[in-house]
Amino acid sequence: MKRLKSHAQLTLAVAVAAGLPLVIQSGSLATEVLIYALAVLGCNLLLGFTGLLSFGQGIFFGLGSYTAGLLLTRWPLPMPLALLAAVAMGALAATAVGWFAIRQRGTYFVMLTLAFSQMFYFLAYSLPDLTGGDNALIDVPRPPLSLAGLAELPLASPWQFYAFVAVCFVAVFWLLLRVTESVFGRTLLAIRDNEARAMAVGYNVRRFKLAAFALSGAVTALAGAFLALMTGIAPLSSIEYHTSEMILVMTVIGGTGNLFASLLGAAFYVLFSDWLSTLWPRWLMLLGLLLIAVSLFMQKGLWGLGERIWLAARGARAPAAKEERA
């Protein structure tokens, strides 16, 4: 049954990635949906599968943007190498932050991740020669993708870049599905549900949490690198704690503990925000009301709401089918 569910999630993710160009006219907006979906995947791995509420996701997102931007603007590296470097930087930073943060639990863990987020923000702000400071790191190029030196895939247009991001998104989604279904993933769930029992069984809880942090940081940094390539800049705002809050909000809206819910949350937030911003400059107030509604009535997010509707529909069909047979 779990295997069928994973296949269903992968099929839905592929369908959404393939169907977004059919319903969204802007290639940049569609790409933004998948970029933030990647970031939410990384956050969901921590919050939904490990039970760690981290306000440090913006650190890895911003470092991914800066790493890719610096490597592409100052050294003529191929884009795949710049993306791999951004992933490695995110994993290393997450390992360092996680090594300190996982030594505490609950409120103190949250405070530590928030403190690290503020520290990295002011570090980026204090190094304008490297990061651009308030002015951002600008003129980040988007070179064509070389295919084994035999051909080049142009990424200049928004839809060309969307196709590249969509392929990477599906690959990462599939990889994280495999991770969450593995013994490692089931151990993370055990730690989330009862950390004391997992320790009593003999699992090295800190090691598993640290591995989850590293993987989450790598995926989130890749999302940040993609955003820098899409916009052509690596702004200071990408590393501030508001980015962490936004990624967490998307995770909660979509639903925790389910990877496809990450895509739902990111798509809803990005598209809903884009639509509301055209209607009312103070659209964030409406978003706050939405979060209140989610907290009160949809604690499993959009995915949980969809599950309830599906189960209710099946429950309504079952008595009708029995009456027909009778």
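Higher on the page you've got the structure.
Below: a short report on this structure. For clarity, every value in this text was computed on a predicted model and none was experimentally measured.

This part covers the overall build of the chain. Regarding its fold elements, the chain presents 14 helices and two strands. Relative to the compact-globule value of 20 Å for 326 residues, the chain shows a C-alpha radius of gyration of 20 Å, a close match. The principal-axis extents of the C-alpha atoms in the chain amount to approximately 75 × 50 × 45 Å. The 326 residues of the chain split such that 46% are buried. When contacts within the chain are restricted to residue pairs at least 6 apart in sequence, those whose partners lie at least 24 apart make up 77%. Carbon and sulfur atoms make up 67% of the accessible area of the chain, which totals about 16400 Å². Taking the 21 positively charged and 14 negatively charged side chains of the chain as two groups, their mean positions are separated by 15 Å.

Our focus in this paragraph is the environment of Tyr36. Within the secondary structure, Tyr36 sits in helix α2 (residues 27–50). Taking the relative accessible area as the measure of exposure, Tyr36 reaches 8% and is therefore buried. For Tyr36 and Gly306, which are 270 residues apart along the polypeptide, the C-alpha to C-alpha distance reads 21 Å. If sequence neighbours within four positions are ignored, Tyr36 has contacts with Phe61, Leu227, Met246, Met250, Ala266 and Val270.

This next bit is on helix α12 (residues 259–279). Over its 21 residues, α12 extends 31 Å from the first C-alpha to the last, a length consistent with the 30 Å expected when each residue adds 1.5 Å. Here α12 has its buried residues at Leu259, Phe260, Ala261, Ser262, Leu263, Gly265, Ala266, Ala267, Tyr269, Val270, Ser273 and Leu276. Structurally, the start of α12 carries an N-cap: the backbone nitrogen of Phe260 is 3.1 Å from a side-chain oxygen of Asn258.

A few words now on the packing of aromatic side chains. The description of two aromatic rings rests on the distance between their centres and on the angle between their planes. Scanning the model with the defined rule gives 15 aromatic pairs in all. Between Tyr36 and Phe61, the aromatic rings sit 5.7 Å apart at their centres with planes inclined by 10 degrees, giving stacked as the arrangement. Residue Tyr36 is located in helix α2, and its partner Phe61 is located in helix α3 (residues 57–74); the two are separated by 25 residues in the primary sequence. Comparing Tyr36 with Phe61 shows no difference in burial state: the two are buried. Consider the rings of Phe100 and Phe116, whose centres lie 5.9 Å apart with planes at 40 degrees: the pair is tilted. With a gap of 16 residues between them, Phe100 in helix α4 (residues 79–101) and Phe116 in helix α5 (residues 106–125) connect regions that are remote in the sequence. Classification of Phe100 as partly exposed rests on a relative accessible area of 43%.

Residues Trp275, Leu279, Trp280, Met285, Leu286, Leu289, Ile292, Leu296 and Phe297 make up a contiguous nonpolar surface patch of about 980 Å² in total accessible area. Residue assignment for the nonpolar patch shows that the elements contributing at least two residues are α12 and α13 (283–297). For the nonpolar patch, the leading source of residues is α13, giving six residues. Among the structural elements, Phe297 can be located in helix α13.

Pairing is possible between side chains that carry opposite charge, provided their charged atoms lie close to one another. The final tally for this structure, using the stated rule, is three salt bridges. Among the ionic pairs, Asp193 bridges to Arg192, the shortest N-O distance being 3.0 Å. Given the relative accessible area of 36%, Arg192 is considered partly exposed.

One recurring pattern in soluble globular proteins is that nonpolar side chains are buried together. The biggest cluster of nonpolar side chains holds 96 residues, and the ones touching the most others in it are Leu38, Phe164, Phe169 and Phe226. Broken down by element, this core gets its largest block of residues, 16 residues, from α2. Apart from residues lying up to four places away in sequence, Phe164 is in contact with Met79, Leu83, Leu145, Leu155 and Phe226.

Attention shifts here to the side chain of Glu195. Note on placement: Glu195 falls in helix α9 (residues 195–201). On the basis of relative accessibility, which here comes to 18%, the residue Glu195 falls in the buried class. Setting aside chain neighbours within four positions, we find Glu195 in contact with Arg105, Ala190, Val205 and Lys209.

In a regular helix each residue adds 1.5 Å, so 18 residues correspond to 26 Å; α3 covers 26 Å between its end C-alpha atoms and thus fits that length. For α3, the buried fraction is high: 16 of the 18 residues fall into the buried class.

What counts and what doesn't
- Residues numbered from 1 in each chain as written.
- Predicted model: local features only at pLDDT ≥ 70, side-chain atom pairs only at ≥ 80, totals over all residues.
- Heavy atoms only, no water.
- Helix = DSSP H or I, 4+ residues; strand = E, 2+ residues; numbered from the N terminus.
- Rg over C-alpha atoms; globule rule 2.2 N^0.38 Å.
- Buried < 20%, exposed > 50% of the residue type's maximum accessible area, 1.4 Å probe, protein only.
- Contact = heavy atoms within 4.5 Å.
- Areas by Shrake-Rupley, 256 points an atom, 1.4 Å probe, with all protein chains shown as cover.
- Lys, Arg positive; Asp, Glu negative; His and termini not counted.
- Charge placed at Lys NZ, Arg CZ, Asp CG, Glu CD.
- Expected span 1.5 Å × (residues − 1).
- Polar contact = N/O pair within 3.5 Å; in protein donor to acceptor, adjacent residues only side chain to side chain.
- Phe/Tyr/Trp six-rings, centres within 6.5 Å; stacked < 30°, edge-to-face > 60°.
- Patch = residues over 30% accessible without salt bridge, like charges linked within 9 Å, V, L, I, M, F, W, Y side chains within 5 Å.
- Salt bridge = Lys/Arg side-chain N within 4 Å of Asp/Glu carboxyl O.
- Core = buried A, V, L, I, M, F, W, Y, C linked by side-chain atoms within 4.5 Å.

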